[in-house]
Amino acid sequence: QVQLVESGGRLVQAGGSLRLSCAASGRTFSSYTMGWFRQAPGKEREFVATISWSSSSTYYADSVKGRFTISRDNAKNTVYLQMNSLQPEDTANYYCAAPEPPSRVSVRPGVYAYWGQGTQVTVSS
């Protein structure tokens, strides 16, 4: 089992920045690919970004490429999502997730077995 807890979401004005954090506990965090997803009201959960266990590989949704940066600190069992140039369409509940098997890399939510409770990001225009 992997337990995940997100934090850092809040209300921010368009053009602003936020950094989300996801603290992990349980099985060896450093062996897991980690992903960030988001879900807006009335919409399906969508992929945002993913990072390999070693940080050597990252992948982003086109909608956030160039604005968001995923990173991790395996010594702190934490993955981050730095979000810059936020827009109202970025408003959503943001979730971090870990897949099974741990090394799996995917944009599909169904691949991810472990999820946090989410942190709300609201961007005002």
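First, a word on what this report is: a plain description of the structure on this page. (Residues numbered from 1 in each chain as written. Predicted model: local features only at pLDDT ≥ 70, side-chain atom pairs only at ≥ 80, totals over all residues. Heavy atoms only, no water.)

Mapping Asp 90 onto the fold places it in the loop between strand E8 (78-83) and strand E9 (92-99). Excluding its chain neighbours within four sequence positions, the residues that come into contact with Asp 90 are Arg 38, Arg 67, Phe 68, Ser 85, Val 121 and Val 123. (Helix = DSSP H or I, 4+ residues; strand = E, 2+ residues; numbered from the N terminus. Contact = heavy atoms within 4.5 Å.)

Our next topic: the environment of Thr 119. By the element assignment, Thr 119 lies in strand E11 (residues 119-124). On a C-alpha basis, the gap between Thr 119 and Gly 8 in space is 6.9 Å, while along the polypeptide they are 111 residues apart. When residues no more than four places from it in sequence are discounted, the contact partners of Thr 119 are Glu 6, Ser 7, Gly 8, Gly 9, Leu 20, Ala 92, Asn 93 and Tyr 94. Polar contacts involving the side chain of Thr 119 include one to the main-chain amide nitrogen of Gly 9, which spans 3.0 Å. (Polar contact = N/O pair within 3.5 Å; in protein donor to acceptor, adjacent residues only side chain to side chain.)

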